[in-house]
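Take a look at the letters that make up each chain.
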Amino acid sequence: MLQRVSQIFDPAMKRTRNIKHIKKIWYIFRTKNKLSIYLMLTDELINKLITEEKTVTEPPKKDFRIENQHFRNDFHLTSVDGTRRYSVFMRQHITFKENFSIGLVYYSEEGTSYNLFRCNGNHGEVVVDILNPAHHQNYHTHKITAELLENNINDPKHIESTNEYASYEQAMKYFCKYINIKDTDKYFPNINQIDMFE
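This report concerns the structure included in the present document. (Residues numbered from 1 in each chain as written. Predicted model: local features only at pLDDT ≥ 70, side-chain atom pairs only at ≥ 80, totals over all residues. Heavy atoms only, no water.)

## Thoughts on the nonpolar core
For soluble globular proteins, nonpolar side chains are generally found buried alongside one another. Core analysis: the largest hydrophobic core is formed by 34 residues, its most contacted members being Phe75, Leu77, Val88, Leu104, Leu116, Met172 and Ile179. Looking at this core, the elements that each hand over two or more residues are helix 1 (43-51), strand 8 (70-79), strand 9 (85-93), strand 10 (100-107), strand 11 (113-120), helix 2 (146-150) and helix 3 (168-178). The element contributing the most residues to this core is helix 3, with six residues. Setting aside anything within four residues of it in sequence, one finds valine 88 in contact with Asn73, Asp74, Phe75, Leu77, Ile102, Gly103, Leu104, Phe175 and Ile179. (Core = buried A, V, L, I, M, F, W, Y, C linked by side-chain atoms within 4.5 Å. Buried < 20%, exposed > 50% of the residue type's maximum accessible area, 1.4 Å probe, protein only. Helix = DSSP H or I, 4+ residues; strand = E, 2+ residues; numbered from the N terminus. Contact = heavy atoms within 4.5 Å.)

Here you go:
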């Protein structure tokens, strides 16, 4: 059942966009007797959320923890105006260094989290999809789309191969630049010394 439609703030244009351009739509439905709420984002807004300038509010821990054969760490961000919250997760396999994932999560005001974007390494897995096969044998990125959310899929299954990085360190530099984090050298002292074309 459609409960309500309202307006949403456009961070790039610094104003409230007309409802015809960007909609904030809440669909309430029951799944296994639980009330589920999904915010439907347009592709335009998804891209703005991913690329808007962000500030680190809680830096990553100095040392990575080890869990399930992976080095793991996290840190937290906000938009520069402090109105939108994000987190970043970092994962890398202990033995297979090319098997890694660096991802951006957005938290809506209503408390729902959205996995917007991530950079992945060459982990050799294959997603079997007859209509749209996607191989994980190369370095690649994942992004959420409006179509996925409309189908109640909160997982960035849109996959693209990339030549922007060929290691975890290069992916971290690319990721921080792509999602527009301010002053990354304060939290990753060597990040600007990484050669993207080694």
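## A closer look at the side chain of threonine 78
Its location among the elements puts threonine 78 in strand 8. Ignoring sequence-local partners within four residues, the contact set of threonine 78 consists of Glu53, Lys54, Thr55, Thr57, Arg84, Arg85 and Tyr86.

## Considerations on the layout of surface pockets
The volume enclosed by the second largest pocket comes to roughly 300 Å³. Surrounding the second largest pocket, 14 residues form its lining, Tyr168, Glu169, Met172, Phe188 and Asn190 being those nearest its centre. When residues in the lining of the second largest pocket are grouped by element, the largest group, three residues, is from helix 3. Taken together, the residues that form the lining of the second largest pocket break down as 10 nonpolar, two polar and two charged. (1 Å grid on protein atoms, 1.4 Å probe; cavity = no way out; pocket = protein on both sides within 12 Å on 5 of 7 lines; lining within 4 Å. Points joined across faces, edges and corners; volume = space filled by probe spheres on them. Nonpolar A, V, L, I, M, F, W, Y, C, P; charged D, E, K, R; others polar.)

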